[in-house]
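The primary structure of each chain is shown beneath.
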Amino acid sequence: MSELNPKTKFIFITGGVVSSLGKGLASASLASILQCRGFKVRLRKLDPYLNVDPGTMSPFQHGEVFVTDDGTEADLDLGHYERFSGVSAKRSDSTTTGKIYQKVIDKERHGDYLGSTIQVIPHVTNEIKNFIVSDLEDEDFVLCEIGGTVGDIEGQPYLEAIRQLAYDLGRERTMFLHLTLLPYIPTAGELKTKPTQHSVKKLQEYGIQPDMLLCRSQMPIPENERKKIALFCNIKESNVIQALDVSNIYQVPLAYSKEGMDKAVCDHFKLHCPDADLSRWEKIVETLKAPEGEVKIAVVGKYVKLLEAYKSLGEALTHGGIANKYKVRIKWIDAEDLERGEVDTILSDVSGILVPGGFGSRGTAGKIAAVKYAREHKIPFLGICFGMQMAVIETMRNVLGIQNANTTELDENCEAVVGLMTEWDKDGAKQIRHKDGDLGGTMRLGAYEAVLKSGSKVAEVYGCEHISERHRHRYEVNIKYKDQLEKGGMIISGTSPDGKLPEIVERPDHPWFIGVQFHPELKSKPFAPHPLFVEFIKASIKQSRLV
Ligand code: GLN
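Residues numbered from 1 in each chain as written. Predicted model: local features only at pLDDT ≥ 70, side-chain atom pairs only at ≥ 80, totals over all residues. Heavy atoms only, no water.

1. Notes on the packing of aromatic side chains
To keep it simple, the criterion reads: Only the six-membered ring of Trp is used, alongside the rings of Phe and Tyr, when aromatic pairs are assigned; centres must lie within 6.5 Å, and planes under 30 degrees apart are stacked while those over 60 apart are edge-to-face, with the rest tilted. Strands are runs of DSSP state E lasting at least two residues, helices are runs of H or I lasting at least four, and both sets are numbered from the N terminus onward. Two thresholds decide whether a charge sits over a ring: the Lys NZ or Arg CZ must be within 6 Å of the ring centre and within 35 degrees of the ring normal.
For the structure shown, the criterion picks out 13 aromatic pairs. Here Trp-512 and Phe-536 contribute two aromatic rings whose centre-to-centre distance is 5.6 Å and whose plane-to-plane angle is 45°, an arrangement assigned as tilted. Remark: Phe-536 occurs in helix H19 (residues 531–546) and Trp-512 occurs in the loop between strand S24 (502–506) and strand S25 (513–516); sequence separation between them is 24 residues. For the cation-ring pair, Arg-44 lies above Phe-131, with the distance from its terminal atom to the ring centre recorded as 5.6 Å. Sitting over the ring of Tyr-448, Arg-444 keeps its end group 4.3 Å from the ring centre.

2. Description of the site of the ligand
Definition in use: The criterion for a residue being near a molecule or strand is simple. One of its heavy atoms has to lie within 4 Å of it. For this analysis, a polar contact is any N or O atom pair within 3.5 Å, provided that within protein one partner can donate a hydrogen and the other can accept it, and provided that sequence-adjacent residues contribute only side-chain to side-chain pairs. We call Asp, Glu, Lys and Arg charged. Ala, Val, Leu, Ile, Met, Phe, Trp, Tyr, Cys and Pro are nonpolar, and the rest, Gly among them, are polar.
If you check the shell around the ligand, you find Gly-357, Gly-358, Phe-359, Cys-385, Phe-386, Gln-389, Glu-409, Arg-472, His-473, Arg-474, Tyr-475 and His-519 and nothing else. Between the ligand and Gly-358 there is a distance of 2.9 Å, counted from an oxygen atom to a backbone nitrogen or oxygen. Contact distances for the ligand include 2.8 Å between an oxygen atom and a backbone N or O atom of Tyr-475. Going through the elements one at a time, helix H16 (386–399) and strand S21 (466–473) are the ones with two or more residues in the shell around the ligand. The residue makeup of the shell around the ligand, split by class, is four nonpolar, five polar and three charged.

3. A few points about the layout of surface pockets
We count it as follows: Using only the protein atoms, space was sampled on a 1 Å grid; points where a 1.4 Å probe fits but cannot get out form cavities, open sets with protein on both sides within 12 Å along at least five of seven lines form pockets, and lining residues are those with an atom within 4 Å of a point. Grid points are joined across faces, edges and corners, and a volume is the space filled by probe spheres set on the points.
Its volume calculated, the largest pocket comes out at about 990 Å³. Contributions of two or more residues to the lining of the largest pocket are made by helix H1 (23–35), strand S2 (41–47), helix H2 (59–62), helix H3 (77–85), strand S11 (240–244) and helix H9 (252–258). Taken together, the residues of the lining of the largest pocket break down into 16 nonpolar, 14 polar and 10 charged.

4. With respect to the pairing of strand S13 (residues 326–334)
To keep things clear, this is the line we draw: Whether two strands pair comes down to DSSP finding at least two bridges between them. With the strands aimed away from the viewer, a crossover counts as right-handed if its path from the first strand over the helix to the second runs clockwise.
Of the strand pairs in this sheet, strand S12 (residues 293–301) and S13 are connected by nine bridges, and their pairing is parallel. Each bridged residue has a counterpart across the sheet, and for Ala-298 the counterpart in S13 is Lys-331. For the handedness criterion, the β-α-β arrangement of S12, helix H12 (residues 311–323) and S13 is classed as right-handed.

5. Overview of the pattern of salt bridges
What counts is decided by this rule: By salt bridge we mean one thing: a side-chain nitrogen of Lys or Arg within 4 Å of a carboxyl oxygen of Asp or Glu. We call a residue buried when its accessible area falls under 20% of the maximum for its residue type, exposed when it is over 50%, and partly exposed in between, using a 1.4 Å probe and counting protein chains only.
A complete count under the given rule lists 44 salt bridges for this structure. Lys-45 serves as the salt-bridge partner of Glu-145, at 3.8 Å between the closest nitrogen and oxygen. A residue pair is termed long-range when its members are at least 10 positions apart, and Glu-145 in strand S6 (residues 141–146) and Lys-45 in strand S2 qualify at 100 residues. A residue is classified by how much of its surface remains accessible, and Glu-145, at 2% relative accessible area, is buried. Since its relative accessible area comes to 4%, Lys-45 is described here as buried. Look at the salt bridges and you will find they share partners, linking Arg-42, Arg-44, Lys-90, Asp-93, Asp-135 and Glu-139 into a network.

Next comes the structure, spelled out in structure tokens:
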């Protein structure tokens with residue numbers, strides 16, 4: 001740990017009582033208010049599951065897979081971290097038990113342990129500690145969120161590792177923050193503190209004394225209950241922070257700061273610094289509270305029953321709304337409903353249509369029907385990744401009459417306008433993939449540059465001709481269809497720098513019709529909305545005024 005900057009402090013965030021309390025948002029919000037006090041922060045997530053990454057997990061189980069610039073497939077909490085802090089997450093900010101064990105086993109095979117018996121303690125815990133302290137610069141704070149809930153068997157090595165780190169680094173450089181729930185029992189008319197007490201007791205069993213409690217609650221915590229929690233959990237009363245429900249996630253940093261969270265952190269570390277300048281968040285919340293109007297956007301996808309699967313997308317649309325001072329109302333549509341129902345009726349009340357990323361055949365006919373409706377009715381359209389591929393297939397089939405045009409992801413024997421990528425260039429090195437290769441971590445992942453066609457709509461949207469965006473896909477539109485697509489009214493307006501991979505398509509005969517092979521939603525922030533979302537929402541607002 002010698003290379004560690006002596007000023008860097010660590011805040012470990014654990015969760016208790018129940019899952020889904022919003023640890024990710026809490027961590028992201030705390031990081032953001034510490035930034036508002038002038039500190040440099042970094043956020044990290046440690047997930048106790050055995051998958052190496054969430055890349056191969058179903059979005060129905062795990063929600064969105066967030067992708068970093070350096071090509072890591074990570075937990076969606078990294079998206080919260082980036083949106084709230086603006087700090088680009090890296091490969092070294094996300095780990096899982098699968099990754100940790102993979103490292104330990106690789107070392108064992110290599111003979112690095114010199115004959116030792118390999119055990120959870122110390123070998124696995126040491127690897128967890130290495131992860132927490134490695135690849136840091138001169139951050140003031142590193143916030144490490146431990147996934148899961150205290151008491152989970154899978155989480156135990158992580159709790160032991162952070163206990164040891166606090167011992168190694170000293171308590172003056174470490175802080176334990178525990179997020180809990182105070183359930184309201186209507187028959188008693190009271191908020192209950194017992195689950196929180198038990199959760200803290202459980203942490204203490206592992207040798208961890210929390211320094212701060214963040215208590216989720218649907219109503220203000222009465223003074224006497226706060227005192228009780230402080231006394232029984234061995235925590236300063238001012239460090240029992242209430243986290244009341246708020247109507248919008250972007251209110252959370254303001255709410256936490258108002259409750260004294262950043263002050264409590266500064267007091268804990270004995271730091272003297274100016275109060276937080278929260279104007280960035282105040283502006284966003286003001287715009288969200290008093291929009292000039294509302295615009296309805298259809299998102300036609302496969303995973304709409306679990307909106308966590310479209311976390312960044314929903315947020316990016318909101319950001320596009322913030323930039324236009326409009327509220328974006330999303331009409332989530334299951335693509336399969338469009339296959340069964342009346343497309344015209346279902347889409348008649350929306351001013352913009354978005355077909356997001358996806359995998360597999362279910363709902364594809366519905367997605368293609370949505371593209372057709374947008375094209376024919378001149379409704380603003382944004383296709384993302386699979387959505388772009390569907391837009392290309394729609395033009396091939398419905399404009400050019402090539403009925404068997406498809407992607408080889410769905411049909412090996414089709415007219416393969418979209419096909420498996422087996423070779424591409426990454427930073428000057430050739431990437432090679434095979435049809436029957438591993439699925440985990442092998443897509444075209446992370447940031448790639450693209451060159452935009454001058455004079456195109458997309459070049460106007462970005463205001464430049466060279467961009468870098470994040471990717472996560474295995475299939476790609478085949479450039480050999482360029483001329484044919486043009487005859488169908490669709491141009492390729494962005495490609496990889498070598499000109500081989502189509503990155504963007506658009507229809508010049510349409511007011512706003514763009515498909516992108518990458519995921520712009522991953523880079524959008526409330527205070528820096530992505531231009532594609534800003535302009536898509538602007539075009540949709542214009543469309544809403546026509547009807
Ligand atoms: N399934 C498609 C592919 O692999 C699209 C992926 C996506 O939408 N992220 O190319």
